[in-house]
Amino acid sequence: MSRPTDVRPVTEQDIPDWIRALNTGFLRPPSVSDREIEDRSSYIIPSRTLGAFDAGRCVATFRSFPQQLTAVGGATVQADAISNVTVTPTHRRRGLLSRMMAADLAAAKERGDVVATLIAAEYAIYGRYGFGPATSTAQWTVDVPRTGLDRRWSGPDDGGRIDLVDGEDVRKLGPDLHERFRRAQPGAIDRDERWWKVNTGAVTLDRDPWTEPFHAVYRSAAGEVEGLLTYRADDHWGDAKQPLNTATVRDMIAVSPAAERALWQYVCSIDWITTVRTGYRAPDDLLPRFLPDPRAAAITTQADWLWVRILDVVRALEARTYASSATLVLEIADEGGFVGGRYRLDATPDGAVCAPTTQSAELTMGVGELAALWLGDESAVRLVALGRVTEAGTGAAAVADALLRTSRRPWCPDIF
């Protein structure tokens, strides 16, 4: 007979046991060090860090924290970012995740968060909670000798320059550059001070031994920082004593195509590097078309990435911009009970108004489908064809696509 399991926010005394359950769920060694306890305690918000406890032992974990998410057009919305979700194998299929998720989303709705976000480890889990895949990611492996790039390239020909910098420089230059980048990139999220410390080695983690990477900065002809590339390289030589090294990009952000082009050409021109792994990039990244032979860049990963759960339909639809003018009446089904109902969207390039309505719905969809459409990556016409959206009259889905889809795809560079 199963015992009742208590789901509640953690206390300071619970943190070591909560970390042990987290490590167990992620198939990491379950041991917990004093260093990890100190690090976790420095940034988790106890009231937003949930655990399920069976006879005093933590058997499930859940954490959320505040996040800024960029909507189409550059406005940011307050998001409830969800992470560290685990259920111990001995306690699966008991509704523990559902209880933790319901409590967290209710609190987020009460706070006034517009959306909730997460990165899904498995595709099938989060749709039942109203999340939908709102951005995708891709990773390319570049066969450098095949690219057709000039191996004698010695720097940008646009008056800009590339400099190698260290982690301390990145902590100074990176935050402002990233803020400029994310304001122009739908789907991007903010990076706090701890992110920059962890990713430059100022804070190191037991579970992720630190290896110092290389950092390259692109400065325009005017001296303005417009791009930052972080990468590591291995040391592999063939039997004939030829270098066969791989550069793996950990992060690359750029606020101009010139910076993006220069940084990709830089990493592809490093002596001894014959393969470049791009790390996770936007699904419509410019890299392949920067190359004389785009086939040198082969896609090795293509998958969903950021999942979004709409908590306020009116504010979500009014926060983003629209390229054209139209009116749509949407019927939204929400089993969670947060946003279900009928809404009229009056959108123009100058702004939008959204409000509950009693008019007949032109498109009917679940809240997860609305999330997939909201950042502009999914097509309403496609969802109708898949049976995920119901169209009351011919043409409504095409109108939705003209309103909602974006010329460049949304992208979230970060995992959390």
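Because the structure is predicted, anything quoted here is derived from the model rather than measured.

Some points on the overall build of the protein
Inference 1: Per the secondary structure count, the protein includes eleven helices and 19 strands.
Inference 2: The buried share among the 416 residues of the protein stands at 50%.
Inference 3: A separation of at least 24 residues holds for 71% of the contacts in the protein among residues at least 6 apart in sequence.
Inference 4: In the protein, 48 positive and 56 negative side-chain charges are present, and the distance between their average locations comes to 3 Å.

Observations concerning unusual backbone geometry
The general pattern is negative phi for most residues beyond glycine and trans for most peptide bonds.
Inference 1: Its identity is not glycine, yet Asn84 carries a phi of approximately 55°, on the positive side.
Inference 2: The backbone of Lys241 shows a phi angle near 65°, a positive value even though the residue is not glycine.
Inference 3: On the secondary structure map, Lys241 appears in the loop between β10 (225-233) and β11 (245-254).
Inference 4: Here Lys241 falls in the exposed class, since its relative accessible area comes to 67%.

Some remarks on helix α2 (residues 34-43)
Note that an α-helix has 3.6 residues per turn; residues three or four places apart therefore point the same way.
Inference 1: Within α2, burial applies to Glu36, Asp39 and Arg40. Viewed end-on, α2 has its buried residues packed into an arc of 95°, placing them on one side of the element. Summarising the geometry of α2, the exposed residues directed more than 90 degrees from the buried face are Asp34, Glu38 and Ser42.
Inference 2: Looking at the buried residues of α2, the elements they touch are α1 (15-25), β4 (76-87) and α5 (193-198).

Examining empty space enclosed by the protein
Inference 1: Taken as a whole, this structure holds one cavity of 30 Å³ or more when the rule is applied.
Inference 2: Size it by volume and the largest cavity reaches roughly 60 Å³.
Inference 3: Contributing to the lining of the largest cavity are Arg35, Glu36, Asp39, Thr204, Leu205, Asp206 and Arg207.
Inference 4: Class assignment for the residues of the lining of the largest cavity results in one nonpolar, one polar and five charged.
Inference 5: Both domains that furnish three or more residues to the lining of the largest cavity are identified here as domain 1 (6-130) and domain 2 (138-300).

Some words on the sheet that holds strand β15 (residues 326-333)
Think of a sheet as strands paired side by side through backbone hydrogen bonds, with each pair either parallel or antiparallel.
Inference 1: With mixed pairing, the five strands of this open sheet are ordered in space as β17-β16-β15-β18-β19. At either end of the open sheet lies a strand with only one pairing partner, and these are β17 (351-356) and β19 (389-391). Sheet twist, expressed as the average angle between the axes of neighbouring strands with direction ignored, equals 25°.
Inference 2: Strands β15, β18 (363-366) and β19 of the sheet are contacted by helix α9 (residues 367-374), whose axis makes an angle of about 105° with β18.
Inference 3: Sitting on the sheet, helix α11 (residues 396-404) touches β15, β16 (341-348), β18 and β19, and the angle it makes with β15 is about 105°.

A short note on the UniProt feature "domain: N-acetyltransferase" (unreviewed entry) in the protein
Inference 1: UniProt tags residues 5-156 as "domain: N-acetyltransferase" (unreviewed entry).
Inference 2: Spanning residues 5-156, this segment combines 24% helix with 34% strand, and its end C-alpha atoms are found 61 Å apart.

Describing the domain arrangement of the protein
Inference 1: With domains assigned, the protein is organised as domain 1 (6-130), domain 2 (138-300) and domain 3 (313-404).
Inference 2: The C-alpha centroid of domain 2 is placed 31 Å from the C-alpha centroid of domain 1.
Inference 3: With 15 residues of domain 1 at the interface, the matching set in domain 2 holds 14 residues.
Inference 4: Carbon and sulfur atoms supply 41% of the area that domain 1 and domain 2 bury against each other, a total of about 1200 Å² over both sides.
Inference 5: On the surface where domain 1 and domain 2 come into contact, there are three salt bridges.
Inference 6: Remark: the boundary between domain 1 and domain 2 carries eight residue pairs in polar contact (both at pLDDT 80 or more).
Inference 7: Contributions of two or more residues to the side of domain 1 that touches domain 2 are made by α2 and β3 (57-70).

About the criteria used
- Residues numbered from 1 in each chain as written.
- Predicted model: local features only at pLDDT ≥ 70, side-chain atom pairs only at ≥ 80, totals over all residues.
- Heavy atoms only, no water.
- Helix = DSSP H or I, 4+ residues; strand = E, 2+ residues; numbered from the N terminus.
- Buried < 20%, exposed > 50% of the residue type's maximum accessible area, 1.4 Å probe, protein only.
- Contact = heavy atoms within 4.5 Å.
- Lys, Arg positive; Asp, Glu negative; His and termini not counted.
- Charge placed at Lys NZ, Arg CZ, Asp CG, Glu CD.
- Arc of directions from axis to C-beta.
- 1 Å grid on protein atoms, 1.4 Å probe; cavity = no way out; pocket = protein on both sides within 12 Å on 5 of 7 lines; lining within 4 Å.
- Points joined across faces, edges and corners; volume = space filled by probe spheres on them.
- Nonpolar A, V, L, I, M, F, W, Y, C, P; charged D, E, K, R; others polar.
- Domains from an automatic or database assignment.
- Pairing = 2+ DSSP bridges.
- Axes fitted to C-alpha atoms, helices over the stretch in contact; angles between N-to-C directions.
- UniProt positions renumbered as here; feature names shortened; annotations may be inferred.
- Buried area = accessible area lost by both parts, 1.4 Å probe.
- Salt bridge = Lys/Arg side-chain N within 4 Å of Asp/Glu carboxyl O.
- Polar contact = N/O pair within 3.5 Å; in protein donor to acceptor, adjacent residues only side chain to side chain.

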